[in-house]
Structures are given as C-alpha cells and as structure tokens.
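Below, each chain spelled out in residue letters.
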Amino acid sequence: MKVQPRAARAVPAPILILAAMVSIQLGAGLAKYLFEIIGASTAASVRLAFAGAIALLLWRPSRRVDRAALPGIIGLGVAVAGMNLCFYAAIERIPLGMAVTLDFLGPLTVAVIASRRPRDLVWTVVAGLGVLLMMKTGGPVSWTGVLFAIAAGAGWGAYIACSEVVGRHTSGHDGLALAMAFGGLLVLPVAFANASPALFDPLVLAALAVVAVLSSLVPHAIELEALRRISAATFGVLMSLEPAVAAAAGLLLLGEDLALVQCAGIGLVIIASAGASGAGSTKTPEPQRDLEPVPI
C-alpha cells in the first residue's frame, strides 16, 4: 500500500501522524463493537491472522532466511501475538484511553533503560504518578483489565527488543512479515477454540478485515511517509499523543467517559513518553516498526 507522493508531500508530517493514530483508534473502536458478537480473544486472533496474511501478500518475503534471524523472528511473532491478545482482553474490561496509556508503559520503560542516564528516571516517576491518577475512577476498577493492559505493554517492549534483532539479520520487511504471519498462526487455535457461529458471518469477517486495514496498513503507510521527513526522536514525541487520541476515540465512539483526574493521569504519561522519546540519543538504532505501532 503506497501513499501517493504528491498528496503526502502536501500534508505536514504531524498531520500525517495524527491521521495514523486516528486510524488505529477507529480500528480499535470497531473491534470493541465486535466483542459482544464473537468475543475479544476471537476478534484479536482473526484480526491478527488477517494482518499476517496481508503482510505476506504485501511484502512477499524471501523464503531464504538467515538462521541467526530465526530466534528473533520467532520471538517477534510471539510478542506480536501476546500483546494483541492481551490488549484486546484489556479494552474489553477497561476504557480504551486507559488501556492505551497503560500499554505505553512498555516502550517507555525500554526507552528509559536504553537511555542509561539517571536523570531520565524522572520520566518513570512522572509516568508512575500518571498511572496512579488513572486508577482514581470513583468506582470499581477492573484490575484484570489493568493487568492485561500492562501485559500488553510488556509485549510491546519485547516486540521492540526482538525487532532490533530481526532488523540486524534481515532486509526490508522480510523478517517482520514472517513474524507477523507466525504470530497469526499462533493465535489461530485461540480463534477456533472460542469461535461462535457468528464468526463465519461474511459481514463479521469483512468487519475484521476492515479492522486489520485500519489498525495496520493505513497507519503503516502513513508513518513511513512521515518518517521520511522527520527524525525518529520527533516521531516518538508526536506518537506520545496516542493515549489522548485513544481517550477521545473511546469517548466519541464508545461513550467511555473519563474523570478529570484520569485525564490528568493520561497527560502525565504523555509528558513522560514525550520526554523519554525526545531525550533519546539519535545514534541509537531505531527498531523496525511492524504493521501496528500500537498493539491494537
């Protein structure tokens, strides 16, 4: 899928990135509507299987793979499968904005560890305060959903680590496509184990395909164009706005209202994520980004 050069060049990079985030959250919102029909685990599994198949068709990876890349590809596939299953389980139980914010703790932790600068631990403290504020719901909190969101963040952190390994031993998107396909195969048993007859409804399958496109192909194509024009650090700072976009999508699409104190918590996590991204060294290799920058 290619972004038309003339059209893309006419749009500022920050607007492109915002469009990518909106596309991702639209996909997440649509997926959540499907939970009542086929369940979260089935929706996540089939959607990831679609994404893996699309990745193979889109990038057509070489069948000859360096043996040194196999552990990274396998690890990346496991990470992609785990973070998607956990994220969908999280948004089934807690608001979308809260889940995405907690999910961001994974890459934020990786960024702080990679920086190796004690002063960057401040961002960890700021993020921790943000998480504490998000728990102030004024009512019962689904701690199962919170744990699933944190597990999804851990999977995202593992994805970053594995993608660096894959990037060193493969060219282009070959390793990524294979990992996505492997992740899709891993979750297929989950899809069929929990499948209801509604899964085989053509409209449901079409909706899942749309989710895969909105959450995968569209944002990936847009981000590639944006990354040609801005630095990786700037990109990371702009992507830090994702929790705010998710909170807005949850409110507008799903009616998931957040208290003012929770919005303040999201704001602190955004500040921490932006700070960690902006403070990162430009010499640090940027990991490959898969079809979905946020595991949605």
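Reading the values: the criteria
Along each chain, residue indices are assigned from 1 in the same order as the chain's sequence is written. Note on the predicted model: pLDDT of at least 70 is required for a residue's local features to be given, and 80 or more for side-chain atom pairs to be given and counted; whole-chain, interface and lining totals, by contrast, use all residues. Note: side-chain values were computed over all heavy atoms of the structure, leaving out hydrogens and water. Helix and strand labels come from DSSP, where a helix needs a run of H or I of at least four residues and a strand needs a run of E of at least two; each type is numbered from the N terminus. Only protein chains enter the accessibility calculation, which uses a 1.4 Å probe; a residue whose area is less than 20% of its type maximum is buried, one above 50% is exposed, and one in between is partly exposed. Throughout, a contact is declared for two residues whenever any of their heavy atoms are within 4.5 Å. Note on areas: these come from Shrake-Rupley sampling with a 1.4 Å probe, and a residue is covered only by the protein chains present in the view. Residues enter a nonpolar core if they are buried and are Ala, Val, Leu, Ile, Met, Phe, Trp, Tyr or Cys, with the set joined through side-chain atoms within 4.5 Å. Salt-bridge detection follows one rule: a side-chain nitrogen of Lys or Arg within 4 Å of a carboxyl oxygen of Asp or Glu. Note on aromatic pairs: the rings of Phe, Tyr and Trp (six-membered ring only in Trp) are paired at centre separations within 6.5 Å, and the planes decide the class, stacked below 30 degrees, edge-to-face beyond 60, tilted for the rest. For every residue, the pLDDT score states the predictor's confidence, bounded by 0 at the bottom and 100 at the top. For every element, the axis is a line fit to its C-alpha atoms; helices are fit only across the contacting stretch, and the angle between N-to-C directions ranges from 0 to 180 degrees. Roughly parallel here means an angle under 35 degrees, roughly antiparallel means over 145, roughly perpendicular means 65 to 115, and every remaining angle is called oblique. For a crossing to be left-handed, the near helix must be turned anticlockwise from the far one by less than a right angle; the clockwise case is right-handed. Classes in brief: Ala, Val, Leu, Ile, Met, Phe, Trp, Tyr, Cys and Pro nonpolar; Asp, Glu, Lys and Arg charged; the others, Gly included, polar.

J.: Explain the overall build of the protein to me, and be specific about the residues and the numbers.
T.: Of the regular secondary structure elements, the protein holds 13 helices and zero strands. Secondary structure of the protein in N-to-C order comes out as α-α-α-α-α-α-α-α-α-α-α-α-α. Within the protein, the proportion of its 296 residues that are buried is 49%. Considering only intrachain contacts with a sequence separation of at least 6, the fraction spanning at least 24 residues in the protein is 91%. Approximately 13400 Å² of the protein is accessible, and the part contributed by carbon and sulfur atoms is 69%.

J.: Break down the nonpolar core for me, citing the residues and quoting the values.
T.: Within soluble globular proteins, side chains that are nonpolar generally end up buried alongside one another. Leu-76, Phe-87, Tyr-88, Leu-96, Leu-102, Tyr-159 and Leu-208 are the most contacted members of the largest nonpolar core, which totals 62 residues. Broken down by element, this core gets its largest block of residues, 11 residues, from helix H4 (residues 70–91). Listed in part, the 13 residues of the second largest apolar core include Ala-13, Ile-17, Leu-238 and Met-239.

J.: I'd like to hear about the pattern of salt bridges, residue by residue, with values.
T.: The full count for this structure, using the stated rule, is two salt bridges. Lys-32 is the partner of Glu-256 in a salt bridge, and the nearest nitrogen-oxygen pair spans 2.4 Å. In this pair, Glu-256 is assigned in the loop between helix H12 (242–254) and helix H13 (260–279) and Lys-32 in helix H2 (residues 13–38), connecting sequence segments 224 residues apart.

J.: Got a sec to walk through the packing of aromatic side chains? Specific residues and values, please.
T.: Counting across every chain of the model gives two aromatic pairs. Look at Phe-35 and Tyr-88: their rings are 5.6 Å apart centre to centre, the planes differ by 55 degrees, and that puts the pair in the tilted class. Highlighted residues: Phe-35 in helix H2 and Tyr-88 in helix H4, separated in sequence by 53 residues. Accessibility assignment for this pair places Phe-35 and Tyr-88 in one class, buried. With 5.3 Å between their ring centres and 90 degrees between their planes, Phe-104 and Trp-156 make a pair best called edge-to-face. Placement of Phe-104 in the loop between helix H5 (96–103) and helix H6 (105–115) and of Trp-156 in helix H8 (residues 143–169) is noted, with a sequence separation of 52 residues between them. Residue class for Trp-156 comes out buried when judged on its relative accessible area of 6%.

J.: Could you give an account of the side chain of Gln-262, with specific residues and numbers?
T.: Of note, Gln-262 is situated in helix H13. Other than its neighbours up to four places away in sequence, Gln-262 contacts Met-98, Leu-133, Met-134, Lys-136 and Thr-137.

J.: I'd like a rundown of the confidence of the model for the protein, residues and numbers included.
T.: Residues shown with low pLDDT carry predicted positions that ought not to be read at fine detail. Residue-level pLDDT values for the protein average 84, and 90% of them are 70 or greater. This model gives residues 281–296 a pLDDT under 50, and the stretch forms 65 contacts once residues within four places in sequence are excluded.

J.: So what's going on with the packing of H4 against helix H9 (residues 174–193)? Which residues, and what values?
T.: The interhelical angle for the contact between H4 and H9, taken along N-to-C directions, is 50 degrees, at an axis separation of 7 Å. By the angle between their axes, H4 is oblique relative to H9. Note that H4 runs across H9; the crossing there is right-handed. Of the residues in H9, those in contact with Ile-73, Ile-74, Leu-76, Gly-77, Val-78, Val-80, Ala-81 and Leu-85 of H4 are Gly-175, Leu-176, Leu-178, Ala-179, Met-180, Phe-182, Gly-183, Leu-186, Val-187 and Val-190. Grouping the amino acids of the contact of H4 with H9 by side-chain chemistry returns 15 nonpolar, three polar and no charged.

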